[in-house]
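Tertiary structure, described
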Amino acid sequence: MKNLVALIIAFTFSGVINAQITLGGQSDLSVPKEYVVGGITVMGTETTEVQAIKLFAGINVGDRITVPGEKVSTAIRNLWRQDLFGDVQIYAADIRGEEIYLVIKVEERNRLSRFRFKGVSKSDAESLKEKVGLVRGKVINENLIQRAENNIRKHYIAKGYLNVAVNTQQIGDTGRLYDFGDKLEFDIRKGDKIKINEITFDGISAFSEKKLERTMKDTKERRWWRVLKRSKFTESNFNTDKENLLAFFNKRGYRNVKILSDTIWNHDDKTINIHLNVLEDKKFFFREISWFGNTIYNDEQLAQRLGIIRGDVYNEEKLQERLFQSPTGGDVSSLYLDNGYLSFNATPVEILIEQDSIDIEIRMYEGKQYRIGKVSIIGNTITNDHVILREIRTKPGDLFSRSDIIRTQRELSNLGYFDPEQFGVNPKQNPQDGTVDIEYTVVERPSDQIELSGGWGAGRVVGTLGLTFNNFSLRKAFTEGASAWRPVPKGDGQRLSVRAQSNGQFFQAYTLSFVEPWLGGKKPNSLSVSLTHSIQTNGQSKFIEIDGERVENPDRRDLGITGITVGLGQRWQKPDDWFVFRAALSYQYYDLNNFGNIFTFASGFSNNLALQLQLSRNSVNAPIFPTNGSDVGFTVKLTPPYSAFSGKDFSNATDQEKFKLLEYHKWKFTSAWYTTIAGSGDNSYSEKARRSLVLYAKTGHGYLGNYNRDIGDSPFERFYLGGSALTGFQLDGREIIALRGYDDNSISPPTGSTFISKYTTELRYPLSLNPSATIYMLAFAEAGNTWSSFKDYNPFELNKSAGVGLRVFLPMFGLLGLDYGWRFDDIPTAPNMAKSQFHFTIGTNLGEL
């Protein structure tokens, strides 16, 4: 064997790597010479595969290499780039003639065995574990540590800790995951949250600084009274608010506005100052707006729909909205998209800018008219296809209409069977035959509800248990047998409700109701049937034993009510198809036994046969958290005027004689409106929709009249006002109306009233629009009163209150509410009433006139 002569050729990369090549032999290795690689040996590896190191090096047995030469240098660089090694060396172990035998010696970096965080809470540490991007077994290098520290800083800077500091220690951790593993300890010093002391502007003349500050939704100066919007500084919020600031100017005609610079500096250890240098430029206006390419509608029709005229302040966002995105559907695109022109498009182009005026040309592409081909539904696992198809407004053969799709989405959402957040519409154009197939995708969600609650009535707690099956199938119950009852037959869109109330012997009530919304299955004509029975007593049993004989209890006082109601409903097409007409025929039998605490007579019976007619128009866009639309209703309930036919003089008749056959007429008018004050108001679950501030305003009026003054007003069907209306039970057809801030029924006499007026205003803001738990908070102001005669009626003589509340909708339980109300007026009959109180409510319409 030849004597080894050590010649070292050193390569240094980035001041860190010291890689050596040592070649042995008698020849003068300072002169480059070509060799054939006879063998390669790898040393120093413990976790990295030997073959992988050879592959990284890029030198194989049999390769011809020049020593000294570029190929060996490249091999060292390749190994170093893997970031797996702290040192790399290549040796020549031997030279045999034309063959050279190489040794690749590496020193592996330590791998991560574990990591932990110091100086932060346990919950923060859990959050950081997911964000640092560390995995056990990874090679520890400067990049890994730097990346982890940057992720930690980003996490806390996003929360307003701008001065967060991270110090990392790498500590040997033998005996754990790897014998040679190291652990990393991140010592975190968050410091204080950095808040904003002052925001100033330069270059502004059109608006005050205070007004500009209000456009910055999440970048606010520190103020003692600011609770909901904290003044912490985060870069992401600041960047968003700068966009909001520019949008504010753009909407007001300042199309060339720019933020030239923003400067941030420390005011003290806990606060910063922000200064924005803005180029405001001049205000622009629309001048000429022309149309090009339109053949279906003329220029006048399009201009009227656009609603922008010469001299209006230039607002590109408004222009886009009026062309494509009006929340009410009054944009230009709706003219075309509601008439089959699915491929319609319009492109506004600024063709001339002269001084402060801009001429716009709107270039139209109308395309062809499409008709609807196939309509399909995907995702319904419980609800039958025909239940969905009957609510769909897009029918095969009809012209394509965007408004019909939006209306379909509303109708399907109002069914309550599907998750509105996952509702989808997929139109598929077929240009060859001019049709469009529409595929609706739905996701079923639980719609049945259970009611388990307690209420206060007649001085006692009343428990309620109710079950409502909102997607019931009566057909399956009889045609599919026991297999359909798992637990109940479902899928045909019917509603079956069973409800029981009791507090023992004092009160019991049972209700069974059934609703078929599409009687016959072809038209939206509804059928409803309900059966009720209730009994209220003084707690005494009906029978007692005297001398071993079972006889009626003379001390028992009770009121029994048994009733049945059958109703029919019809959706009208005119004036528009938001109108619904309902007619219901009801009969109640009242049986009074020494029950003189509430009514004008103690013993006897009454028959209440009445026809109720209701005309309503409901255009609200969502059932739980509406953001726009209205709900207006007019109802009249009347009995036959028996006394007009009998010819009997009732001036001296007893109350039992007067009310054996009840006669009355009852009128009600309600009007509720929803208006979006801020946000998109489209219930689309977008970020804007989640921030919608909605104004809800409602008024309601009721009147109970008589046909015959000698008989007077009916002792039943009266109005009671005050409290939460969750009074446990309702008797004799009475209507218990809520007025928050007051005791239950405190604004009515014990026998009820015949006139009522109530006004409600609420500001609502959503905290969560998740269908599985919709939550919104509200602030309310309301007023109302009741009167017992027409001469006393004054709809502006009101008892007022205000307060705050929270609503939570859970599919299983419905809408739950908690309110805290302050009353502004005293009630003479309730001198000890608290000035403020909490109210708990269940249901969407409970306690509302």
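All figures in this text were calculated on a predicted structure; none of them were measured in a lab.

Focus: the overall build of the protein chain
- Assigned secondary structure in the protein chain consists of 15 helices and 38 strands.
- Relative to the compact-globule value of 29 Å for 849 residues, the protein chain shows a C-alpha radius of gyration of 40 Å, a clear excess of over 25%.
- Projected onto the principal axes, the alpha-carbon positions of the protein chain cover approximately 145 × 85 × 65 Å.
- Residues classed as buried in the protein chain amount to 45% of the 849 residues present.
- Here the analysis covers contacts within the protein chain between residues at least 6 apart in sequence; of these, 61% occur between residues at least 24 apart.
- Mean positive and mean negative side-chain charge positions of the protein chain (103 and 100 charges, respectively) differ by 1 Å.

Topic: the sheet that holds strand β17 (residues 424-430)
- Reading across from one edge, β16-β18-β17 is the order of the three strands in this open sheet, with mixed pairing throughout. A single partner strand is all that each edge strand has here, and the edge strands are β16 (371-378) and β17. In this sheet, adjacent strand axes meet at a mean angle of 20° when their direction is disregarded.
- Relative to strand β18 (residues 435-441), β16 runs parallel, the two sharing six bridges. Within β18, the residue paired with R371 across the bridge is T435.

Some points on the side chain of R807
- Structurally, R807 is set in strand β36 (residues 799-810).
- Apart from residues lying up to four places away in sequence, R807 is in contact with R740, T774, I775, Y776, L778, L815, L816, G817, L818, D819 and T841.

Side note on helix α6 (residues 235-251)
- The end-to-end C-alpha distance of α6, which contains 17 residues, comes to 24 Å, matching closely the 24 Å that a straight helix rising 1.5 Å per residue would cover.
- Buried within α6 we find F238, D241, K242, L245, L246, F248 and F249. In a view along the axis of α6, the buried residues occupy a sector of 150°, so they form one face of it.
- At its buried positions, α6 is contacted by β10 (195-202), α5 (209-215), β11 (258-266) and β12 (271-279).
- Where α6 terminates, the next one or two residues include G253, which has phi positive at roughly 95°.

Here we look at the packing of helix α3 (residues 122-131) against helix α4 (residues 142-157)
- As a packed pair, α3 and α4 sit with axes 10 Å apart at the nearest point and diverge in direction by 130°. Relative to α4, the element α3 lies oblique. Read as a crossing pair, α3 and α4 show a hand that is right-handed. In this structure, α3 uses D124, S127, L128 and K131 to contact α4, whose residues at the interface are N151, I152, H155 and Y156.
- Taken together, the residues of the contact of α3 with α4 sort by class into three nonpolar, three polar and two charged.

Remarks on the packing of helix α1 (residues 50-57) against helix α2 (residues 70-81)
- The contact between α1 and α2 brings their axes to 7 Å, and the two run at 125°. With respect to their mutual orientation, α1 and α2 come out oblique. Across the interface between the two elements, I53, F56 and A57 from α1 touch A75, N78 and L79 from α2.
- Of the residues contributing to the contact of α1 with α2, the split by class is five nonpolar, one polar and no charged.

Details of the pattern of salt bridges
- The tally for this structure, following the rule as stated, stands at 42 salt bridges.
- In this structure, E70 and R77 form a salt bridge, with 2.4 Å as the shortest nitrogen-oxygen distance.
- Relative accessible area serves as the criterion here: at 24%, R77 is assigned to the partly exposed category.
- Two residues, D826 and R823, come together in a salt bridge whose shortest N-O distance is 2.8 Å.
- In this structure D826 comes out as exposed when scored by relative accessible area, which is 57%.
- One network of salt bridges, with partners in common, ties together R740, K758, E762, R764, E782, R807 and D819.

Quick notes on the rules
- Residues numbered from 1 in each chain as written.
- Predicted model: local features only at pLDDT ≥ 70, side-chain atom pairs only at ≥ 80, totals over all residues.
- Heavy atoms only, no water.
- Helix = DSSP H or I, 4+ residues; strand = E, 2+ residues; numbered from the N terminus.
- Rg over C-alpha atoms; globule rule 2.2 N^0.38 Å.
- Buried < 20%, exposed > 50% of the residue type's maximum accessible area, 1.4 Å probe, protein only.
- Contact = heavy atoms within 4.5 Å.
- Lys, Arg positive; Asp, Glu negative; His and termini not counted.
- Charge placed at Lys NZ, Arg CZ, Asp CG, Glu CD.
- Pairing = 2+ DSSP bridges.
- Axes fitted to C-alpha atoms, helices over the stretch in contact; angles between N-to-C directions.
- Expected span 1.5 Å × (residues − 1).
- Arc of directions from axis to C-beta.
- Parallel < 35°, antiparallel > 145°, perpendicular 65-115°, else oblique.
- Left-handed = near helix turned anticlockwise from the far one by under 90°.
- Nonpolar A, V, L, I, M, F, W, Y, C, P; charged D, E, K, R; others polar.
- Salt bridge = Lys/Arg side-chain N within 4 Å of Asp/Glu carboxyl O.

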